[in-house]
Amino acid sequence: MDYESAANHWLEKDKDSVHMEEAALKIRIESFIAGHNTCALATASADMVRNTPIEYNYVDGNFYFFSEGGLKFKGLKENKNVGLAIYEPYGGFVSLKSLQVQGVAEIIEPFSEEYLKIMEHKKIPVEAMKKLPQPMNLIKVVAVSMDYLDSDLKKEGFASRQHIEFH
């Protein structure tokens, strides 16, 4: 098996693709993100990979996840690099729609300014959170890159797969 060749398939194909203007692509991606609320969040440690279906909040260009806990934190302790995927149910090659995100995770301090901002966004009362035995953990993911797949882009003259890097 030529893993290197397989891994580079889309990178090679992308060289000859018709790309959207970055601002228009960001608008399209943010619209897709806003149209959903759940993703699969992948974390990994040296001996484990965990892929968690989880509700997200997208605020100021970042993904936020409230979580009581779970094995994803074993991965996050060792490795801050994460992947997440948002997608439509598969309906054939003519109706593909998905977003893959590579990002870096951090844990937001409970009741910090950023934590309170996301609680307000979710309309979670502060007093309700303070009554819990321990406050919910808040994971923030800052995107490093995104791969957006949308079969409809072909109708507009673009490649169905679009890639964006964030610096």
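One numbering rule holds for all chains: residues counted from 1, following each sequence as written. Residues qualify for local features only when their pLDDT is at least 70, as the model is predicted, and side-chain atom pairs are given and counted only at 80 or more; totals for whole chains, interfaces and linings, by contrast, use all residues. By convention in this description, side-chain values take in all heavy atoms of the structure and omit both hydrogens and water.

Caption draft 1: Local environment of the overall build of the chain. Tallying secondary structure elements over the chain gives six helices and eight strands in all. By definition, any uninterrupted DSSP run of H or I lasting at least four residues is a helix, any uninterrupted run of E lasting at least two residues is a strand, and each is numbered from the N terminus. For the chain, the N- to C-terminal ordering of α and β elements is α-α-α-β-β-β-β-α-β-β-α-α-β-β. Expressed along its principal axes, the backbone C-alpha trace of the chain runs to roughly 55 × 35 × 30 Å. Counting the 167 residues in the chain, one finds 35% classified as buried. About 10300 Å² of surface is accessible on the chain, with carbon and sulfur atoms providing 54% of the total. Across the chain, the mean location of the 19 positive side-chain charges is 5 Å away from that of the 25 negative side-chain charges. The buried label applies to any residue whose accessible area, calculated with a 1.4 Å probe on protein chains only, is under 20% of its type's maximum; exposed applies above 50%, and partly exposed to all values in between. Surface accessibility follows the Shrake-Rupley procedure with a 1.4 Å probe radius. Residue values consider only the protein chains on display as shielding. Charge assignment: positive for Lys and Arg, negative for Asp and Glu; neither His nor the chain ends contribute. We put the charge of a Lys on NZ, of an Arg on CZ, of an Asp on CG and of a Glu on CD.

Caption draft 2: Highlighting the pattern of salt bridges. A pairing counts as a salt bridge when a side-chain nitrogen of Lys or Arg comes within 4 Å of a carboxyl oxygen of Asp or Glu. Considering all chains together, one arrives at twelve salt bridges under this definition. Measuring nitrogen to oxygen at the nearest pair gives 3.2 Å for the salt bridge that ties Lys-74 to Asp-47. Placement of the pair is Lys-74 in helix H4 (residues 72–78) and Asp-47 in the loop between strand S1 (38–45) and strand S2 (48–55), with a sequence separation of 27 residues. When its relative accessible area of 62% is taken as the criterion, Asp-47 is described as exposed. Asp-152 is the salt-bridge partner of Lys-155, the closest N and O atoms lying 3.2 Å from each other. Here the salt bridges share partners, and the residues they tie into one network are Arg-28, Lys-97, Asp-150, Asp-152, Lys-155 and Glu-156.

Caption draft 3: Region of the structure containing the environment of Ile-107. Mapped onto the fold, Ile-107 is located in strand S6 (residues 97–108). Measuring from C-alpha to C-alpha, the distance between Ile-107 and Asn-137 comes to 7.2 Å, with 30 residues separating the pair along the chain. Throughout, a contact is declared for two residues whenever any of their heavy atoms are within 4.5 Å. In this view, Ile-107 contacts Phe-73, Leu-76, Leu-138 and Ile-139; residues no more than four positions away in its chain are not counted.

Caption draft 4: Looking closely at the packing of aromatic side chains. Between 30 and 60 degrees the pair is tilted, below 30 it is stacked and above 60 it is edge-to-face, where a pair is any two Phe, Tyr or Trp rings, Trp via its six-membered ring, whose centres lie within 6.5 Å. The final tally for this structure, using the stated rule, is five aromatic pairs. With centroids separated by 5.6 Å and ring planes inclined at 90 degrees, the aromatic side chains of Phe-66 and Tyr-115 adopt a geometry described as edge-to-face. In this pair, Phe-66 sits in strand S4 (residues 62–67) while Tyr-115 sits in helix H5 (residues 113–122), placing the two residues 49 residues apart along the sequence. The pair formed by Phe-66 and Tyr-115 is uniform in burial state, with each residue classed as buried. Looking at Tyr-115, the relative accessible area reads 0%, which means it is buried. Each residue in the set Tyr-56, Tyr-58 and Phe-63 is aromatic and connected to the rest through ring pairs, giving one cluster. Look at NZ for Lys and CZ for Arg. If either is within 6 Å of the ring centre and within 35 degrees of the ring normal, a charge sits over the ring. Here Lys-130 stacks its cationic end above the ring of Phe-111, 5.5 Å away from the centre of that ring.

Caption draft 5: Summary view of the nonpolar core. Grouped together as the largest cluster of nonpolar side chains are 26 residues, with contacts concentrated most on Phe-63, Phe-65, Leu-84, Ile-86, Leu-99, Val-141 and Met-146. Mapped by element, the contributors of at least two residues to this core are helix H3 (22–34), S1, S4, H4, strand S5 (81–87), S6 and strand S7 (137–150). The element contributing the most residues to this core is S7, with five residues. Here the nonpolar core consists of buried residues drawn from Ala, Val, Leu, Ile, Met, Phe, Trp, Tyr and Cys, with membership extended through side-chain atoms lying within 4.5 Å. Core analysis: the second largest hydrophobic core is formed by nine residues, Phe-66, Tyr-115, Ile-118 and Leu-138 among them.

Caption draft 6: Focus on H5. Along H5, the positions that sit buried rather than exposed are Tyr-115, Ile-118 and Met-119. Angular distribution of buried residues about the axis of H5 spans 105 degrees; they occupy a single face of the element. Along H5, exposed side chains directed more than 90 degrees from the buried face belong to Glu-113 and Glu-120. For H5, the secondary structure elements touched by its buried residues are strand S3 (57–59), S4, S6, helix H6 (126–131) and S7. Of the residues flanking the end of H5, it is Lys-123, one or two places downstream, whose phi is positive at about 60 degrees. Starting at the helix axis, one direction is taken to each C-beta atom, and the arc is that of these directions.

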